[in-house]
Amino acid sequence: MIMDKKEIGYVGLGKMGKNMVTRLVEKGWGVVATDVSTEAVKEISVIGARGVVNVQELVGALSSPRLLWVMVPHQVVDTVLQELVSSLSPGDVVIDGGNSNYKDTMRRAEELGAKGVEYLDAGTSGGPGGARNGACVMVGGKRELFNRYEELFRDMAAPDAYGYMGKSGSGHFVKMVHNGIEYGMMQAIAEGFSLMKSSDLEPDLKEVARIYDHQSVIESRLIQWLGEAYERYGVGLNEISGKVSHSGEGLWTVEAAREIGVPVAVIEESLKFREDSQSNPSYTGQVVSALRNMFGGHEVKKEKE
């Protein structure tokens, strides 16, 4: 079965959600969207989506079989699903595009499946910029559902930046590990630049970031973002906090590794650094915080430390 209509319901209009809805409208999708913020609903109505006040109205505005995308913090996914499920019908499809724990995803797929509602998990990377200009999308669930809605994932993603990861939970598992790897990569970059900053040789860190980002082995979007952070905040990163927050996926990666019995020393130490940074802020922490700000829009301005 191939999708015969470009119509989707969208729950969650935060930094990622609003940008993704904007992209889908531009790709010719009919989008009905809702959020707890009435202001966010008004904003997406301006760009061509239909904003509604709650999930019941959203479900009622879609034709069967309905396709819905949930883009909310992992702590409230169950609440949203409880609100949705009483209005959904067998054959409807719900996609969780947020950063849910893969074990919760597997449970939710089973619970909704018992009611005849299909469930896909779509790990989504790229931050707000990716949501607007083309994300990286990692999909788990039934292969036939991925095939049916492949046009949706293609329209959301940058060229060649989407794919089927495996059975239910796989999309969120792969995205979780992605974020754990991200912790380690950011930590290594931050430690290296902190070392150079402390050296008597006093290299120009802005120039280092520029040259690293041109055909070096460690050329990457992270190095590019660090260069942009230096342009925005200065090499001293004086406005940026040395206390680094973490949003859960690094911890989940470490916990999963322990359960499976695979050592992840770099990721584990990166997580510990973030936890320890709350009482021991440093320039290394400032670099990690600056990177989080550049790609994810996280608030990292310095308070009293």
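Here the structure is shown first, and the text comes after it.
Reference entry: report on the structure contained in this document. What you see is a predicted model; the values in this text were computed from it and never measured.

Some words on the overall build of the chain
No. 1: Of the regular secondary structure elements, the chain holds 14 helices and eight strands.
No. 2: Out of the 305 residues belonging to the chain, those deemed buried represent 50%.
No. 3: Sequence separation of at least 24 residues holds for 69% of the intrachain contacts in the chain that already meet a minimum separation of 6.
No. 4: Taken as a whole, the chain presents about 14,400 Å² of accessible surface, with 52% of it coming from carbon and sulfur.
No. 5: A gap of 3 Å separates the mean positions of the 33 positive and 42 negative side-chain charges of the chain.

Regarding the side chain of Asp 35
No. 1: Tracing the sequence through the fold places Asp 35 in the loop between strand 2 (30–34) and helix 2 (38–46).
No. 2: A distance of 2.6 Å separates a polar atom in the side chain of Asp 35 from the backbone nitrogen of Leu 13.
No. 3: Within the local environment of Asp 35, its side chain forms a polar contact with the backbone nitrogen of Ser 37, the two atoms lying 2.7 Å apart.
No. 4: The residues contacting Asp 35, other than those within four sequence positions of it, are Gly 12, Leu 13, Gly 14, Ala 40 and Val 41.

Some thoughts on the packing of helix 9 (residues 170–198) against helix 14 (residues 283–296)
No. 1: Axis separation between helix 9 and helix 14 bottoms out at 8 Å; the angle between their running directions is 130 degrees. Classed by the angle they form, the pair helix 9 and helix 14 counts as oblique. The handedness of the crossing between helix 9 and helix 14 comes out as right-handed. Here Glu 182, Met 186, Gln 187, Ala 190, Glu 191, Phe 193, Ser 194 and Lys 197 of helix 9 come into contact with helix 14, specifically with Tyr 283, Thr 284, Val 287, Val 288, Leu 291, Arg 292 and Phe 295.
No. 2: Per-class residue counts for the contact of helix 9 with helix 14 are eight nonpolar, three polar and four charged.

Focus: the pattern of salt bridges
No. 1: If you walk through the whole model with that rule in mind, you get 18 salt bridges.
No. 2: Put simply, Lys 6 and Asp 155 hold a salt bridge, and the shortest N to O gap is 3.1 Å. A residue pair is termed long-range when its members are at least 10 positions apart, and Lys 6 in the segment before strand 1 (7–11) and Asp 155 in helix 8 (residues 150–156) qualify at 149 residues.
No. 3: Overall, the relative accessible area of 10% leaves Asp 155 in the buried class.

As for the nonpolar core
No. 1: Counting residues in hydrophobic clusters, the biggest one holds 34 residues, and the most contacted among them are Tyr 10, Val 31, Trp 69, Ile 95, Leu 152 and Phe 153.
No. 2: Among the elements that line this core, the one with the most residues is helix 1 (residues 15–26), at five residues.
No. 3: Those residues in contact with Phe 153, other than ones at most four positions away along the chain, are Trp 69, Ile 95, Leu 120, Val 137, Val 139, Phe 146 and Tyr 162.
No. 4: Ranked by size, the runner-up nonpolar core spans 27 residues in total, among them Tyr 233, Phe 273, Leu 291 and Met 294.

As for the sheet that holds strand 1
No. 1: Reading across from one edge, 3-2-1-4-5-6-7-8 is the order of the eight strands in this open sheet, with mixed pairing throughout. Here the strands that pair on one side only, and so sit at the sheet edges, are strand 3 (50–51) and strand 8 (157–166).
No. 2: Strand direction decides the pairing type here: strand 5 (residues 93–96) and strand 6 (residues 118–125), joined by four bridges, are parallel. Within strand 6, the residue paired with Val 94 across the bridge is Tyr 119.
No. 3: Running at roughly 155 degrees to strand 6, helix 5 (residues 102–113) makes contact with strand 5 and strand 6 of the sheet.
No. 4: Of the strands in this sheet, strand 5, strand 6, strand 7 (135–140) and strand 8 are in contact with helix 9, which crosses strand 6 at around 20 degrees.

A look at unusual backbone geometry
No. 1: Backbone torsion omega between Ser 64 and Pro 65 reads -10 degrees, so that peptide bond is classified as cis.
No. 2: Positive phi, close to 60 degrees, is recorded for Asp 160, a residue that is not glycine.
No. 3: Its place among the elements puts Asp 160 in strand 8.
No. 4: For Glu 202, which is not glycine, the phi torsion reads 50 degrees and is therefore positive.
No. 5: By secondary structure assignment, the location of Glu 202 is in the loop between helix 9 and helix 10 (205–212).
No. 6: With a relative accessible area of 66%, Glu 202 lands in the exposed category.

Basis of the calculations
- Residues numbered from 1 in each chain as written.
- Predicted model: local features only at pLDDT ≥ 70, side-chain atom pairs only at ≥ 80, totals over all residues.
- Heavy atoms only, no water.
- Helix = DSSP H or I, 4+ residues; strand = E, 2+ residues; numbered from the N terminus.
- Buried < 20%, exposed > 50% of the residue type's maximum accessible area, 1.4 Å probe, protein only.
- Contact = heavy atoms within 4.5 Å.
- Areas by Shrake-Rupley, 256 points an atom, 1.4 Å probe, with all protein chains shown as cover.
- Lys, Arg positive; Asp, Glu negative; His and termini not counted.
- Charge placed at Lys NZ, Arg CZ, Asp CG, Glu CD.
- Polar contact = N/O pair within 3.5 Å; in protein donor to acceptor, adjacent residues only side chain to side chain.
- Axes fitted to C-alpha atoms, helices over the stretch in contact; angles between N-to-C directions.
- Parallel < 35°, antiparallel > 145°, perpendicular 65-115°, else oblique.
- Left-handed = near helix turned anticlockwise from the far one by under 90°.
- Nonpolar A, V, L, I, M, F, W, Y, C, P; charged D, E, K, R; others polar.
- Salt bridge = Lys/Arg side-chain N within 4 Å of Asp/Glu carboxyl O.
- Core = buried A, V, L, I, M, F, W, Y, C linked by side-chain atoms within 4.5 Å.
- Pairing = 2+ DSSP bridges.

Take it as geometry only, folks, not as evidence of what the structure does.
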